[in-house]
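This is what each chain is made of:
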Amino acid sequence: MSENKCNFHLYLGKKDYEILQWKNSLPPKCFKYFVEQILLSYINGYKIMLPPIQAQKNIEFKSMPIHIVIQNEQIASFLSQLNSGEKSKIVKEIILFYINSEEGIKRGCVLPLN
């Protein structure tokens, strides 16, 4: 792995409903992996297929920082170019782009609640 690693906090709050719902529908400990794959896709300009958002009951929407350690050189270099105060905002915008577009999963791919 690279010595060029990047630590940052992704701050998720009530306004980040779609990201929180998607995060909670992933298998445990997979969120960081998919964030890395989304960022690599964004940097390299290619498409990625993401797991669909599973509709869930009783999701607690409270603000939470998620500590992410990136060890991929390409992603670390990209993030190091961003203003530290803007990293979380920009990464969230990129995640939303991929989970809400044909670049990731298709909009409307939310499974209905029973």
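Model, not experiment: these values are computed from the prediction.

Calculation rules
- Residues numbered from 1 in each chain as written.
- Predicted model: local features only at pLDDT ≥ 70, side-chain atom pairs only at ≥ 80, totals over all residues.
- Heavy atoms only, no water.
- Helix = DSSP H or I, 4+ residues; strand = E, 2+ residues; numbered from the N terminus.
- Expected span 1.5 Å × (residues − 1).
- Buried < 20%, exposed > 50% of the residue type's maximum accessible area, 1.4 Å probe, protein only.
- Contact = heavy atoms within 4.5 Å.
- Core = buried A, V, L, I, M, F, W, Y, C linked by side-chain atoms within 4.5 Å.
- pLDDT = per-residue confidence, 0-100.
- Axes fitted to C-alpha atoms, helices over the stretch in contact; angles between N-to-C directions.
- Parallel < 35°, antiparallel > 145°, perpendicular 65-115°, else oblique.
- Left-handed = near helix turned anticlockwise from the far one by under 90°.
- Nonpolar A, V, L, I, M, F, W, Y, C, P; charged D, E, K, R; others polar.

*Asks:* Explain helix H2 (residues 31-44) here, please?
*Replies:* Counting along an α-helix, one turn takes 3.6 residues, and residues three or four places apart therefore face a common direction. The first and last C-alpha atoms of H2 sit 20 Å apart over 14 residues, in line with the 20 Å expected at 1.5 Å per residue. The complete set of buried residues in H2 reads Phe31, Phe34, Val35, Glu36, Ile38, Leu39, Leu40 and Ser41. On its buried face, H2 is in contact with strand E1 (6-12), helix H1 (17-25), strand E2 (64-70), helix H3 (73-80) and helix H4 (87-99).

*Asks:* Honestly, the nonpolar core in this entry has me stumped. Any pointers?
*Replies:* The nonpolar side chains of a soluble globular protein tend to be buried, and buried together. In this structure, Leu10, Trp22, Phe31, Leu50, Leu79, Val91 and Ile95 are the most contacted members of the largest nonpolar core, which totals 30 residues. Those elements that place two or more of their residues in this core are E1, H1, H2, E2, H3 and H4. Top contributing element to this core by residue count: H2, with 6 residues.

*Asks:* Sorry, what's going on with the confidence of the model for the chain here?
*Replies:* A low pLDDT means the predicted coordinates there should not be read in detail. For the chain, per-residue confidence averages 80 on the pLDDT scale, and 79% of positions sit at 70 or higher. In the model, residues 105-114 has pLDDT below 50 throughout and makes 23 contacts with residues more than four positions away in sequence or in other chains.

*Asks:* Is there a simple way to think about the packing of H1 against H4 in this case?
*Replies:* If you want to describe how two helices pack, look at the angle between their axes and the distance between the axes. Taken N-terminus to C-terminus, the directions of H1 and H4 make an angle of 70 degrees; their axes are 10 Å apart at the nearest point. What the angle tells us is that H1 and H4 run roughly perpendicular. In this structure, the crossing between H1 and H4 has a hand that is left-handed. Within the contact between the two elements, H1 uses Glu18, Ile19 and Trp22 and H4 uses Lys92, Ile95, Leu96 and Ile99. Looking at the contact of H1 with H4 residue by residue, the class counts come to 5 nonpolar, no polar and 2 charged.

*Asks:* Explain the environment of Leu50 here, please?
*Replies:* Position of Leu50 among the secondary structure elements: in the loop between H2 and E2. Under the relative-accessibility criterion, Leu50 is labelled buried at 3%.

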